[in-house]
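Topology and contacts: notes
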Amino acid sequence: MRKLILTLSLAFVAVGCGGDEDYGPDEAPAVKPKPIGNEAPLPPPTSLACPRGTRLTYENFGQGFVRNFCNGCHAAQLDTTQRAGAPLKVDFDTYQNVIVWRAGILAKAGANGAPMPPINNVPSLDRAMFAEWLNCGAPQE
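Now for a look at the structure at hand. (Residues numbered from 1 in each chain as written. Predicted model: local features only at pLDDT ≥ 70, side-chain atom pairs only at ≥ 80, totals over all residues. Heavy atoms only, no water.)

What follows covers the overall build of the chain. Tallying secondary structure elements over the chain gives five helices and zero strands in all. Per-residue burial over the chain gives 33% buried out of 141 residues. Accessible area of the chain: about 8600 Å², with a carbon and sulfur share of 58%. (Helix = DSSP H or I, 4+ residues; strand = E, 2+ residues; numbered from the N terminus. Buried < 20%, exposed > 50% of the residue type's maximum accessible area, 1.4 Å probe, protein only. Areas by Shrake-Rupley, 256 points an atom, 1.4 Å probe, with all protein chains shown as cover.)

As structure tokens, this is what we get:
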């Protein structure tokens with residue numbers, strides 16, 4: 001039931017992510033992500049395709065995705081035996097840690113067929129939204 005509620009809520013978020021204009025996947029203008037904190041630009045992920053008009057943020061999407069699909073192995077309170085091979089200190093339980101690891105997260109979890117999470121139970125719409133959020137600079141609010 002909880003998974004169904006999450007899926008439905010993510011579908012509602014997806015419906016609200018369009019801008020004023022409709023763009024196809026190859027027509028959306030790219031938006032360069034903004035620097036975070038110290039004004040130094042983030043290392044670019046493999047693709048910076050950010051559709052204009054996205055409204056995905058850490059608060060309305062990213063945090064729930066990371067909690068549901070990443071923190072089972074990538075959480076600071078887990079010891080080596082609980083991490084299913086995830087390296088120690090590669091933790092995503094804070095927004096700041098997600099930003100630090102953003103490019104790697106996008107490369108390993110941001111596309112269909114990506115190796116993370118290893119169980120690969122992420123619905124394709126959720127994974128696409130996760131990639132969009134990361135590509136758009138992973139805004140917090």
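By the burial criterion, the buried members of helix α4 (residues 102-109) are Arg102, Ile105, Leu106 and Ala109. An end-on view of α4 places all buried positions within 100° of arc, on one side of the element. In this fold, the buried residues of α4 make contact with α3 (95-100) and α5 (124-135). (Arc of directions from axis to C-beta. Contact = heavy atoms within 4.5 Å.)

Before going further, it helps to examine the nonpolar core. Core analysis: the biggest nonpolar cluster contains 22 residues, and Phe61, Phe65, Phe92, Val98, Phe130, Trp133 and Leu134 have the highest contact counts within it. Ignoring any residue separated from it by four or fewer positions in sequence, one finds Phe65 in contact with Cys70, Val122, Asp126, Arg127 and Phe130. (Core = buried A, V, L, I, M, F, W, Y, C linked by side-chain atoms within 4.5 Å.)

This part is about unusual backbone geometry. Residue Pro117 is bonded to the preceding Met116 through a cis peptide linkage, with omega at -10°. Within the secondary structure, Pro117 sits in the loop between α4 and α5. The backbone phi angle of Lys89 is positive, close to 75°, even though this residue is not glycine. Following the sequence through the fold, Lys89 ends up in the loop between α2 (58-69) and α3. Its relative accessible area of 72% is what places Lys89 among the exposed residues. With a phi close to 50°, Ala138 is a non-glycine residue in the positive phi region. On the basis of relative accessibility, which here comes to 0%, the residue Ala138 falls in the buried class.

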